[in-house]
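Chain residues, written in single-letter form:
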There are 2 protein chains.
Amino acid sequence: MSTEHIVRSFAQELLRLSNLVTQMGGVAEAQVEAAVKAVARRDVGLATQVMQADARLDAYERDIDAEAVRLLALRQPMAQDLREIVSSLKIAADLERIGDYAANIAKRSLALAQMPLVRPAVAIPRMGRLVETIMKDVLDAYTERDVDKAIAAWERDEELDDLYTSLFREGLTYMMEDPRNITPCTHLLFMAKNMERIGDHATNIAETIHYLVVGTQLNLARPKSDGSSFAVVSPIQLDGPDAQVVEESDTGDNANDDAM
Amino acid sequence: MSTEHIVRSFAQELLRLSNLVTQMGGVAEAQVEAAVKAVARRDVGLATQVMQADARLDAYERDIDAEAVRLLALRQPMAQDLREIVSSLKIAADLERIGDYAANIAKRSLALAQMPLVRPAVAIPRMGRLVETIMKDVLDAYTERDVDKAIAAWERDEELDDLYTSLFREGLTYMMEDPRNITPCTHLLFMAKNMERIGDHATNIAETIHYLVVGTQLNLARPKSDGSSFAVVSPIQLDGPDAQVVEESDTGDNANDDAM
């Protein structure tokens, strides 16, 4: 076996690994889209499908992990090749987590479908469209190894955080108006939080793409800030959406890089 | 330079990497403990400290990632050594995320400290004690490479899920009793969810320890199930904690492995 043959074969193996990540990204994207659709249409069958299909993403992650470790052991890669493999491990972990959030949105949609429709529900498809755009752009950026596209997607995550914070406050207000809104709005808040977290994992992937292509950590000022952590909404008027909203100024420290 | 010297020096480098992970674990554990204390004592100063200290965990993760990639490139490790390095990458990612959740708990405690005390708040220190025990056991299991201890901690995560589900329902009930409870109880629900997620990341670490020591994936039936996703609480009696709680039976599929 010539050295050239071994080299070419390793390139093929790396391409195969990268294709696995791309496929997994496609499945994760479809899961998020279907989960959002299940909420919007109150479609219990679709929600159940999303919950069941989550196992596919777990299997993808296991395959990618096993393949990455195998290549690390057999090929002892350096530089760009090593970054390819480490990046596939990191991106697969983010996609698996995105799948968990999609499955949780689908699961909560089952509870929500049993309850009266509440107005803040319209914000879910709106957040959904933005999440889907960000995910699509990040996954295209991965396929094309396009750092600029990755950074552009990374920056749009801020819009998602803003949508989440506004839904959070709106949800609290509706809960104060009528106790029958409390359970459905609480599920909506958790769904919205799930979407905000999907956006965070998409930005993680964008950062990994930067590391993969450029070889260094992305070093931009973090745009994200989950303002909901500071929301203080008091029920001054209970018969209208005019509850008092007090919000502290954000301190801009690292805790803004919120996990929840 | 003799081969023996190189081998010994690699062992030292692996030990150094493992010690970094252990140190990072100690910091993450302290962050969780301080965040829970900040909630229980309504201690704004302590909460602020936790939010600021989160940057330390981000720095640890960057250092561990860089060191792991350096060792992969220079040492081209096999078998157990390779697993040590891959495990350090995975555990550092889980610990960083645990730190984010602790910081978010601390941040929400600032909002909570401005509001009247609500009864479900007592559940936070209770969940906190269990989370701290699970984290301590998992980190000890890592230091001692003790798979049995890791599995025992992994199994206790179910208790945490049960506490979370019961707090979720109790919180909804209190919100229905009095609209002034809505905002503080919503923050409590998100804090409790953060703790449940910290438990999930601790079980991820337990699984990584199994892979590290045994060389295969942990293959036990997953005990966890976040029942909150199915909670349907209706405000039948608004003047007491007797709101109707309906809960669907859990389907036991993969979506139980909840992200949120």
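It should be emphasised that the depicted structure is a prediction, and the values quoted were computed from it without experimental measurement.

**Observations concerning the overall build of chain A**
Then comes step 1: Tallying secondary structure elements over chain A gives six helices and two strands in all.
Then comes step 2: Scanning chain A from its N terminus toward the C terminus, one meets helices and strands in the order α-α-α-α-α-α-β-β.
Then comes step 3: Within chain A, contacts between residues at least 6 apart in sequence are counted, and of these 81% link residues at least 24 apart.
Then comes step 4: Of the roughly 10000 Å² of accessible surface on chain A, a fraction of 50% belongs to carbon and sulfur atoms.

**As for the pattern of salt bridges**
Then comes step 1: All chains considered together, the criterion is met by 28 salt bridges over all chains.
Then comes step 2: Here Asp140(B) ties to Lys136(B) by a salt bridge, and the two come within 2.8 Å at their closest N and O atoms. With Asp140(B) and Lys136(B) both in helix α4 (residues 123-144) and four residues apart, the pair spans about one turn of that helix.
Then comes step 3: A residue is classified by how much of its surface remains accessible, and Asp140(B), at 22% relative accessible area, is partly exposed.
Then comes step 4: The partly exposed category is assigned to Lys136(B), whose relative accessible area is 42%.
Then comes step 5: Here Glu196(B) and Lys193(B) are joined by a salt bridge, their closest N and O atoms 3.1 Å apart. Of this pair, Glu196(B) and Lys193(B) both sit in helix α6 (residues 182-214), three residues apart, roughly one helical turn.
Then comes step 6: On the basis of relative accessibility, which here comes to 0%, the residue Glu196(B) falls in the buried class.
Then comes step 7: Members of the salt-bridge network, linked through shared partners, are Glu13(A), Arg16(A), Glu67(A), Arg70(A) and Arg75(A).

**Digging into the packing of aromatic side chains**
Then comes step 1: In total, this model carries five aromatic pairs over all chains according to the counting rule given.
Then comes step 2: Measuring from centroid to centroid gives 4.4 Å for Phe190(A) and Phe190(B), while their planes differ by 5°, and the two rings are stacked. Pair noted here: Phe190(A) is in helix α6 (residues 182-214) and Phe190(B) is in helix α6, and the two residues belong to different chains. By the burial criterion, Phe190(A) is buried, and Phe190(B) matches it.

**Details of helix α2 (residues 44-75) of chain A**
Residue and element names in this part refer to chain A.
Then comes step 1: Over its 32 residues, α2 runs 47 Å from end to end, which matches the ideal 46 Å to within 8%, given 1.5 Å per residue.
Then comes step 2: Where α2 bends most, the angle comes to about 25°, and this point is glutamine 52.
Then comes step 3: Capping the start of α2, aspartate 43 holds a side-chain oxygen 3.1 Å from the backbone nitrogen of glycine 45, two or three residues further along.
Then comes step 4: One or two steps after α2, the chain reaches glutamine 76, where phi turns positive at roughly 45°.

**Re the packing of α4(B) against α6(B)**
All names here are of chain B.
Then comes step 1: Between α4 and α6, the least distance of the axes is 10 Å, while the angle of their chain directions is 15°. Considered as vectors, α4 and α6 are oriented roughly parallel to each other. Relative to α6, the crossing made by α4 is left-handed. On α6, the residues that touch Ile124, Met127, Gly128, Val131, Ile134, Met135, Val138, Ala141 and Tyr142 of α4 are Leu188, Met191, Ala192, Met195, Glu196, Ile198, Ala202, Ile205, Ala206, Ile209 and Leu212.
Then comes step 2: Considering only residue class, the contact of α4 with α6 consists of 18 nonpolar, one polar and one charged.

Cut-offs applied
Residues numbered from 1 in each chain as written. Chains lettered and ligands numbered in written order. Predicted model: local features only at pLDDT ≥ 70, side-chain atom pairs only at ≥ 80, totals over all residues. Heavy atoms only, no water. Helix = DSSP H or I, 4+ residues; strand = E, 2+ residues; numbered from the N terminus. Contact = heavy atoms within 4.5 Å. Areas by Shrake-Rupley, 256 points an atom, 1.4 Å probe, with all protein chains shown as cover. Salt bridge = Lys/Arg side-chain N within 4 Å of Asp/Glu carboxyl O. Buried < 20%, exposed > 50% of the residue type's maximum accessible area, 1.4 Å probe, protein only. Phe/Tyr/Trp six-rings, centres within 6.5 Å; stacked < 30°, edge-to-face > 60°. Expected span 1.5 Å × (residues − 1). Bend = angle between axes of the 7 residues up to and from the residue. Polar contact = N/O pair within 3.5 Å; in protein donor to acceptor, adjacent residues only side chain to side chain. Axes fitted to C-alpha atoms, helices over the stretch in contact; angles between N-to-C directions. Parallel < 35°, antiparallel > 145°, perpendicular 65-115°, else oblique. Left-handed = near helix turned anticlockwise from the far one by under 90°. Nonpolar A, V, L, I, M, F, W, Y, C, P; charged D, E, K, R; others polar.

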